[in-house]
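This is what each chain is made of:
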Amino acid sequence: MSTQPVGVFRRLIPAIVVLVVLIGSYGFSRLPTASAEQRKSLASKFGFAELPIALPPGLAERTVRTVNPQYEHIRSWVSSVGAAVAVNDLDSTGRADDLCLVDTRSDSVIVTPAPASGAHYQPFVLDPAPLPVHEAMAPMGCLPGDFNEDGRMDLLVYYWGRTPVVFFHRGGASALSPATYQPTELVPQAPGALYRGQLWNTNAVAAADFDGDGHLDLGVFNYFPDTEILSITGQANMQMNNSMSHARNAGGSHVLRWVAASAGASPSATFEEQPAAVPPAFSTGWTLGASSVDLDGDLLPELYLANDFGNDRFFHNVSAPGRIRFELAEGHRDAVTPKSLVLGHDSFKGMSIEFGDLAGAGRFDAFVSNITTSWGLEESNFVWHNTAATPADANKMLTAHEAPFRNQAASANLAWSGWGWDSKMADFDNDGDMEIVQALGFIEGRINRWSWLQELAMSNDLMLRNPKMWPNAQPGDDIAGSQPFAFWSAEGNGRYADLSGDLGMTDSTPSRGIAVADIDGDGGQDFAVARQWAAPSFYHNTGTSQGDFIGLRLYRPVAGGAAGVIGTPAYGAQVCVKTADGRTRVAQLDGGGGHSGKRSHDVFVGLGDNGDRPVSVEIAWRDLRGAVHRQSIDLATGWHNVMLTSEIKEVAAL
């Protein structure tokens, strides 16, 4: 009898043992998932009606951009960003029921009423004329804000191919129309019909009172270097990222401090750039998302930059009135934590950043979208759990240049979703736990090109900077092009489940920006989704299992007591809500952050079943002189308009 089969078997024993161990370990260690019955129960708490968003008639419907000849073979890649949406109170009715959209199909910036809002004006396009323009520019996002502090909401539009434009809301304007807005340069430019200024290519902005003087400052963060990305006759100086894991050759950061403003029929605001506000060594990542929040209790908001091609950056705010400065803070690595799961040391593709009280512990956590497609570039989203017990503890850590965050994405089942973009936290059923809506998808086509992208990702960094070395990404090619956005809901056991399919949210068109607001004031938060090369959608909250809530519209007085407005937003104000059952929640008036979606300025906290009991609310804010105030007040559940001076005062709606 031959002994050959026995010998072969013996040689295979180690491999068989390894396979058995791996399979057993996988079954033992993988996270449990919600059963079909559990998912059905979770989904029953929510209800949304998808509604179309009204757009002006006659707009173009292109599907790809015209690009610099050096990018022609990757024009679908270059065409993968730009769809954006913001929601706010643009017509001064006291309710955030107006949308500002960027539709990539026509490169139009559109103001339109939110569906089911009851607004009656016609949608229209914002035109930067008579400001200079050129053929190699396209809008990338829209940021609502009261930049001249007259109580009327202006719109900052940022672009590829030029510096941003502020569309000031003229005093005395009635119904919204193109004539309502006065286009004004954020950065002064030479006059003339043809734009000849700096070629900023912006994909992220953040708005906050960075220096604590009581006025709204701006952070503008650019992606591509300052070159003619979209010019068919542009110079041949195009470049891509110089690394997949630590690229630092992007357009750079620009932080602008508010200096002065005027109101009336010809409104204005002056901003001056703060050189080196962001340390130059860390300011040139390929930024796709930016957001700010105060962690250490001084109402000077810290800053997070989500950078594509590696190394997100978190900065401690050490500013003083008249001088904006940030210092780098990084996560702490221990023996069992991979480098890429430590803030500031990661090599992932940061796409967006959102702050919120995700753990429900009275502290701000963060959610960062990355590329997490299975059998693709399967990295991980970040769920940065705030490890500081108190603001004083956070200050101690930040002063030592340590970011008080530890990643918990995997244990929360939030690590993997798809090719992530904008994300927003909100409590859509008011039970006291945050949900997360996350935009997903990259390039929609017919031919799967993941293998080409994987080959590129493994290439030597020395070749990446040259666009000619990149594989084709043209119309018809598909890379993560059929991923519906995710709707994450807490299971009640520390883990989350994506309920998008269970809720009928199955549109697989790549999405980009997400904006959240309670547009009809019924206590149910709604949201809008901007889609790349497709029509946007609005999701009206129709849930019947809504808990109680506190909704705050926080204002500061308008100079001169302007008629027809309540006040100017109390940017950066923080709200701490203590419920009758002993829980604590924090929220902030967010001036604007994320990727290409901007939530309303409303502060909203779900309470669960609170009955008729009053709620203790502590508010911390800066007045218009920059002085810090803190005060507690008992409020009934529901919506409140609150004026913040040196004290809290509830005021009537218009």
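Residues numbered from 1 in each chain as written. Predicted model: local features only at pLDDT ≥ 70, side-chain atom pairs only at ≥ 80, totals over all residues. Heavy atoms only, no water.

A. Highlighting the overall build of the chain. Across its full length, the chain holds six helices and 40 strands. Taken over C-alpha atoms, the radius of gyration comes to 25 Å for the chain, in line with the 26 Å a tight globule of 654 residues would show. Considered along the principal axes of its C-alpha atoms, the chain spans approximately 105 × 65 × 50 Å. A burial count over the chain gives 60% of its 654 residues as buried. (Helix = DSSP H or I, 4+ residues; strand = E, 2+ residues; numbered from the N terminus. Rg over C-alpha atoms; globule rule 2.2 N^0.38 Å. Buried < 20%, exposed > 50% of the residue type's maximum accessible area, 1.4 Å probe, protein only.)

B. Structural detail: the sheet that holds strand β37 (residues 615–622). The antiparallel open sheet is built from four strands, whose spatial order is β34-β33-β37-β38. Pairing within the sheet leaves two strands with one partner each, and these edge strands are β34 (584–588) and β38 (628–635). Averaged over neighbouring strand pairs, the angle between their axes works out to 20 degrees when direction is ignored. Pairing of strand β33 (residues 574–578) with β34 involves five bridges; the strand directions are antiparallel. Across the sheet, the residue bridging to K578 is T584, located in β34. (Pairing = 2+ DSSP bridges. Axes fitted to C-alpha atoms, helices over the stretch in contact; angles between N-to-C directions.)

C. Structural context of unusual backbone geometry. The residue after A129, namely P130, is reached through a cis peptide bond having omega 10 degrees. Structurally, P130 is set in the loop between β5 (124–125) and β6 (138–145). A positive phi angle, close to 65 degrees, is found at F309, a residue other than glycine. Tracing the backbone shows F309 in the loop between β15 (302–308) and β16 (313–317). We classify F309 as buried; its relative accessible area is 3%. Although it is not a glycine, W533 sits at a positive phi angle of roughly 65 degrees. Along the chain, W533 falls in the loop between β29 (526–531) and β30 (537–541). Judged by relative accessible area, which is 19%, W533 ranks as buried.

D. How the structure looks around the environment of R449. If you trace the backbone, R449 turns up in the loop between β24 (447–448) and α5 (450–457). On the basis of relative accessible area, R449 is assigned to the buried category, the value being 17%. Residues R449 and A473 lie 24 residues apart in sequence; the distance between their C-alpha atoms is 7.9 Å. Once you skip the residues sitting within four places of it in the chain, R449 turns out to touch D477, D478 and I479. (Contact = heavy atoms within 4.5 Å.)

E. How the structure looks around α5. Looking at α5, one finds that the buried residues are W450, L453 and L456. The buried residues of α5 occupy one face: seen down the axis, they fall within an arc of 120 degrees. Seen from the open side of α5, the exposed residues pointing more than 90 degrees away from its buried face are S451 and E455. In this structure, the buried residues of α5 make contact with α3 (75–78), β24, α6 (461–464) and β25 (477–478). (Arc of directions from axis to C-beta.)

F. Inspection of the UniProt feature "domain: ASPIC/UnbV" (unreviewed entry) in the chain at higher detail. Within the UniProt annotation, "domain: ASPIC/UnbV" (unreviewed entry) is assigned to residues 570–623. When the span residues 570–623 is considered, its composition is 0% helix and 48% strand, and the gap between its end C-alpha atoms is 8 Å. (UniProt positions renumbered as here; feature names shortened; annotations may be inferred.)

G. Representation of the side chain of K598 in the model. Locating K598 in the fold gives a position in strand β35 (residues 597–598). It turns out K598 is buried and unbridged, and the closest side chain with the opposite charge, D422, is 6.4 Å from it. Among the polar contacts made by the side chain of K598, one reaches the main-chain carbonyl oxygen of H595 at a distance of 3.2 Å. (Lys, Arg positive; Asp, Glu negative; His and termini not counted. Salt bridge = Lys/Arg side-chain N within 4 Å of Asp/Glu carboxyl O. Polar contact = N/O pair within 3.5 Å; in protein donor to acceptor, adjacent residues only side chain to side chain.)

H. Inspection of the nonpolar core at higher detail. Grouped together as the largest cluster of nonpolar side chains are 96 residues, with contacts concentrated most on W77, W419, F487, F527, L552, L554 and I619. A per-element tally of this core places β37 first, with four residues. Formed by 23 residues, the second largest nonpolar core is a distinct cluster that contains L295, A329, F364 and F405. (Core = buried A, V, L, I, M, F, W, Y, C linked by side-chain atoms within 4.5 Å.)

I. The packing of aromatic side chains, seen in detail. Scanning the entire structure with this criterion turns up 32 aromatic pairs. For the pair F314 and F405, a centre-to-centre distance of 5.5 Å together with 90 degrees between the ring planes defines the contact as edge-to-face. Linking F314 in strand β16 with F405 in strand β21 (residues 405–407), this pair joins segments that are 91 residues apart in sequence. Each of the two residues, F314 as well as F405, counts as buried. One aromatic cluster is present, formed by F46, F48, F428, F485, F487, F527 and Y539 through successive ring pairs. Here the basic side chain of R162 rests over the ring of Y159, its NZ or CZ set 6.0 Å away from the ring centre. (Phe/Tyr/Trp six-rings, centres within 6.5 Å; stacked < 30°, edge-to-face > 60°. Lys NZ or Arg CZ within 6 Å of the ring centre and 35° of its normal.)

J. Structural view of the pattern of salt bridges. Scanning all chains against the criterion turns up 23 salt bridges. E272 is the salt-bridge partner of R257, the closest N and O atoms lying 3.1 Å from each other. With R257 in strand β12 (residues 252–262) and E272 in strand β13 (residues 268–273), this residue pair connects regions lying 15 residues apart in the sequence. Using a relative accessible area of 34% as the deciding quantity, one classes E272 as partly exposed. Linking E330 and R313 is a salt bridge whose minimum nitrogen-to-oxygen distance equals 3.4 Å. Placement of E330 in the loop between β17 (326–329) and β18 (352–356) and of R313 in strand β16 is noted, with a sequence separation of 17 residues between them. Take E330: its relative accessible area is 23%, and that puts it in the partly exposed class. Accessibility expressed as a relative area gives 4% for R313, which makes it buried.

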